[in-house]
Amino acid sequence: LYFCRDGERWELQLKGSGRTPYSRNGDGRAVLRSSVREFLCSEAMHYLGIPTSRAASLVVSDDDVWRDQFYNGNIKKERGAIVLRLAKSWFRIGSLEILAHSGELDLQRRLLDFIIQEHFPSIATNDSNRYLEFFSTVVSETANLIALWMSVGFAHGVCNTDNFSLLSITIDYGPFGFMDAYDPNFVPNTSDDEKRYKIGNQANVGLFNLSKLLQALKPILDPRQKQLASQILEGYGERYYSRFTELFKAKLGLLGENENDNYLIAFLLKVSLLC
């Protein structure tokens, strides 16, 4: 479904409406508390200037939903709800991974060409390097997105490839959270016992997911493009660090370039950790 306004096209998605072919073993339902949180947070992120899906409406359901909120075996009945979510696209890194894994390369090319045509107007659809340019853009914009998350103390909670948008927007608000005080070990997901998705690891997880995207693209890249794509991926860390520094300098009101700026940012974060 598409919603057009001012020449823009948005894809509509219902969260909590029931099972789909991608529900795995879940019931496809959503509870009221998490639906309210997604509605509020996605709108807050939008007004913070962070690329994100948005929420158009929230409807309370008559269905009872059973959930183990704290993953401690204490299952309770909760009120269900449905959120109408909007985004320019809901395609994720996982959308390409599954096609590459199953060897459906023709379908993968068709999907990529559609995504590029619809959402990457700066890339010519007849350019032989279009998939390489697409990858370069996703790498750069993913680094930018995670730096923005860090600048407001936002932890996504489940940063797997199915939750990373190819348009580099924040999607699938699940067990997210905002830090009350700086703590690189902050984890909003009570089921993440290994702290895989702790806030201090988000940039590294972004790199991991982008490496999975590259792996999915490699079957349709020639040897030269594969080499260039690997070099692009190697530049992810520099891009992220540059954007992170830029954002934190702006928060501190630092102007111009000074070799001590990075030390000051690191020092202040360390002080915050000790407070």
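Since the model is a prediction, treat every value here as computed from it, not as a measurement. (Residues numbered from 1 in each chain as written. Predicted model: local features only at pLDDT ≥ 70, side-chain atom pairs only at ≥ 80, totals over all residues. Heavy atoms only, no water.)

### Side note on the side chain of Ser-168
Logical step 1: Here Ser-168 shows up in the loop between strand 5 (154–155) and strand 6 (177–178).
Logical step 2: Taking the relative accessible area as the measure of exposure, Ser-168 reaches 5% and is therefore buried.
Logical step 3: A polar side-chain atom of Ser-168 sits 3.5 Å from a polar atom in the side chain of Thr-142.
Logical step 4: Residue contacts for Ser-168: discarding those within four places in its chain leaves Pro-51, Val-138, Glu-141, Thr-142 and Leu-145. (Helix = DSSP H or I, 4+ residues; strand = E, 2+ residues; numbered from the N terminus. Buried < 20%, exposed > 50% of the residue type's maximum accessible area, 1.4 Å probe, protein only. Polar contact = N/O pair within 3.5 Å; in protein donor to acceptor, adjacent residues only side chain to side chain. Contact = heavy atoms within 4.5 Å.)

### Looking at helix 5 (residues 202–217)
Logical step 1: For helix 5, spanning 16 residues, the distance from its first C-alpha to its last is 23 Å, which sits close to the expected 22 Å at 1.5 Å a residue.
Logical step 2: Where helix 5 is buried, its residues contact helix 2 (93–101), helix 3 (105–119), helix 4 (130–151), strand 5, helix 6 (223–234) and helix 7 (236–252). (Expected span 1.5 Å × (residues − 1).)

### Thoughts on the pairing of strand 4 (residues 76–87)
Logical step 1: Relative to strand 4, strand 2 (residues 8–15) is paired through five bridges, and the arrangement is antiparallel. Note on strand 4: the bridge partner recorded for Gln-13 is Arg-85. (Pairing = 2+ DSSP bridges.)

### Considerations on the domain arrangement of the protein chain
Logical step 1: Along its sequence, the protein chain is carved into domain 1 (2–87) and domain 2 (93–251).
Logical step 2: Across the contact, 20 residues belong to domain 1 and 19 residues belong to domain 2.
Logical step 3: At the surface where domain 1 touches domain 2, the tally comes to two salt bridges.
Logical step 4: The salt bridge involving Glu-118 is made with Arg-9; its shortest N-O contact spans 2.3 Å. (Domains from an automatic or database assignment. Salt bridge = Lys/Arg side-chain N within 4 Å of Asp/Glu carboxyl O.)

### Looking at the pattern of salt bridges
Logical step 1: Counting across every chain of the model gives 16 salt bridges.
Logical step 2: Between Lys-77 and Asp-64 there is a salt bridge; the shortest N-O distance is 4.0 Å. Placement of the pair is Lys-77 in strand 4 and Asp-64 in strand 3 (residues 54–67), with a sequence separation of 13 residues.
Logical step 3: The salt bridge involving Asp-106 is made with Arg-109; its shortest N-O contact spans 3.2 Å.

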